[in-house]
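Observations on chain architecture
Given next are the chains, with one letter for each unit.
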Amino acid sequence: MAILTVVPMQIRRPLTGWGRTNATVAEVLEVPNHEVPAAVKEAGPRGALVRGLGRSYGDAAQNSGGLVLRLFGSAHQAVLDPVAGTVTVPAGVSLDDLLRVIVPRGFFVPVTPGTRFVTVGGAIASDIHGKNHHLEGSFGNHLLAITLLLADGSQLAVGPDRRPELFWATVGGMGLTGVILDATIRLLPIETSRMSVDTSRVPDLETLFAEMSEGDDAYRYSVAWIDLVAKGSSLGRSVLTRGDHARLDQLGPKESVQPFAYGPHQLVSVPPIVPPMGVLNHATVAAFNELWFRKAPRR
């Protein structure tokens, strides 16, 4: 019987951040965790840098003329401890893939940014925040341990109580302390896969600040869209959206049959098209903002 060996392909290609500006060219290599030490050791004079899914706005995940590693792994490699409410997962796994595994089992990630298409390693390196920052803090507050590959090839297990200085330098450290190989994360238990959401129009900026200051503690998640072109008495008018994970007793009879049903899909890519010069101006933006504001319920 013939045995097929898959050799990782190293491709030279341009890379940008999410803003799609200032592209640089690098050698890009997709590798599993166990091949990362060798790849780092064999990197040229420009060294090696690890890249997630490229959602950073700037050029943090670019290494012009050098080597860029893309770690790959499967969320099915994640080790879930339902009793402790934790999961250990490879750093190259996206939050999207992880959610598909843990939501049907009654858990959610403790912090998620505006996109679920980020890797666990990128979430740690950037110490991402979410719409629950006012209650839960950032991603690093929910980490129990990280396996870190240092520049000399050694691997260390670090955490809030194990080498805490190196741990906290890594959380939000943008990869400068080493390569994050995997992480153990404290998860959020949920009763259903649904959300209970309150949405309201807010007439001006002062009212928005007052409503968020007085009411945000009652919601796990809170976010406001603000009209930046409105003037006069409508200056800072907003759409305030707040919510939490729905309880089982909030679901209807049909939804209660499968309370953890979960099948997310992407509504639209951003941006689906790049509008031609001149289309985006004060008049068109004001018209869009008016429609966006009016489509929201008054409360």
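Provided above is the structure to which this section pertains.
Residues numbered from 1 in each chain as written. Predicted model: local features only at pLDDT ≥ 70, side-chain atom pairs only at ≥ 80, totals over all residues. Heavy atoms only, no water.

**A look at the overall build of the protein**
What counts, and what does not: For helices the rule is a DSSP run of H or I covering at least 4 residues; for strands it is a run of E covering at least 2, with both sets numbered from the N terminus onward. Buried means the residue's accessible area, taken with a 1.4 Å probe over protein chains only, is under 20% of the maximum for its type, while exposed means over 50%, and partly exposed covers the values in between. Two residues qualify as a contact provided that any one of their heavy atoms is within 4.5 Å of a heavy atom in the partner residue. Per-residue and other accessible areas were derived by the Shrake-Rupley procedure at a 1.4 Å probe size, with only the shown protein chains allowed to occlude residues.
Helix and strand counts for the protein stand at eight helices and 14 strands. In the protein, which comprises 299 residues, the proportion classed as buried is 38%. If you take every contact in the protein between residues at least 6 apart in sequence, the share linking residues at least 24 apart comes to 64%. Summing over all exposed atoms, the protein offers an accessible surface of approximately 17200 Å²; the carbon and sulfur share of this is 58%.

**With respect to the packing of aromatic side chains**
Filter applied, for reference: Side-chain rings of Phe, Tyr and Trp, where Trp is taken by its six-membered ring, are said to pair if the distance between their centres is within 6.5 Å; with planes under 30 degrees apart they count as stacked, over 60 as edge-to-face, and otherwise as tilted. Here, over-ring charges are defined by two tests on the NZ atom of lysine or the CZ atom of arginine: distance to the ring centre within 6 Å, and angle to the ring normal within 35 degrees.
Using the criterion set out here, one finds two aromatic pairs in the structure. The interplanar angle of 75° and the centroid separation of 4.7 Å between the aromatic rings of Phe 167 and Trp 168 together place this pair among those described as edge-to-face. Assessed through its relative accessible area of 41%, Trp 168 is described here as partly exposed. For the ring pair Phe 288 and Trp 292, a centre distance of 5.6 Å and an interplane angle of 25° mean the geometry is stacked. Taken as a pair, Phe 288 and Trp 292 lie in helix H8 (residues 282-295) at a separation of four residues, close to a single helical turn. We classify Phe 288 as partly exposed; its relative accessible area is 47%. Stacked on the ring of Phe 293, the Lys or Arg Arg 201 has its end atom at 5.6 Å from the ring centre. Just above the ring of Phe 293 sits the side chain of Arg 237; from NZ or CZ to the centre is 4.6 Å.

**What to know about the nonpolar core**
Nonpolar side chains tend toward joint burial in soluble globular proteins. This is how it is decided: Here the nonpolar core consists of buried residues drawn from Ala, Val, Leu, Ile, Met, Phe, Trp, Tyr and Cys, with membership extended through side-chain atoms lying within 4.5 Å.
Judged by nonpolar contacts, the single largest core of 48 residues is most densely connected at Leu 98, Ile 124 and Leu 143. In this structure, Ile 124 is in contact with Phe 139, Leu 143, Ile 146, Thr 170, Val 171, Gly 172, Ile 180 and Ala 183, ignoring residues within four places of it in sequence.

**Topic: the sheet that holds strand E10 (residues 179-186)**
Formally: Two strands qualify as a pair provided DSSP detects at least 2 bridges between them. Fitting a line to C-alpha atoms yields each axis, with helices limited to the stretch in contact; the angle taken between N-to-C directions then spans 0 to 180 degrees.
Overall, antiparallel pairing links the five strands, which are arranged E5-E6-E10-E8-E9 in an open sheet. What marks the edges here is a single partner per strand, and that holds for strand E5 (79-81) and strand E9 (155-158). Going from strand to strand, the sheet's axes swing by 10° on average, the running direction of each strand aside. Where strand E8 (residues 143-149) lies against E9, four bridges are found, and the strand directions are antiparallel. Residue pairing across strands places Ile 146 opposite Val 158, the latter belonging to E9.

**A word on a nonpolar patch on the surface**
Going by this rule: Patches were defined on residues exceeding 30% relative accessible area and lacking a salt bridge, with like-charge contacts within 9 Å and nonpolar side-chain contacts (Val, Leu, Ile, Met, Phe, Trp, Tyr) within 5 Å. A carboxyl oxygen of Asp or Glu within 4 Å of a side-chain nitrogen of Lys or Arg is what we treat as a salt bridge.
A surface patch of nonpolar side chains, about 390 Å² in accessible area, is lined by Leu 205, Phe 209, Ile 226 and Leu 228. Here Phe 209 lies in helix H6 (residues 205-215).

**Considering the pairing of strand E2 (residues 24-31)**
Bridge count for strand E1 (residues 10-15) against E2 is six bridges, and the pairing is antiparallel. The partner of Ile 11 across the bridge, within E2, is Val 28. Pairing of E2 with strand E4 (residues 67-71), which is carried by five bridges, proceeds in the parallel orientation. Across the sheet, the residue bridging to Leu 29 is Leu 69, located in E4.

**Section: the side chain of Thr 86**
Checked against the element boundaries, Thr 86 lands in strand E6 (residues 86-90). Relative accessible area serves as the criterion here: at 13%, Thr 86 is assigned to the buried category. Not counting residues within four places of it along the chain, the set of residues in contact with Thr 86 comprises Val 79, Leu 80, Asp 81, Leu 144, Thr 184, Ile 185, Arg 186 and Leu 187.

Spatial relationships are all this shows, so hold off on functional conclusions.
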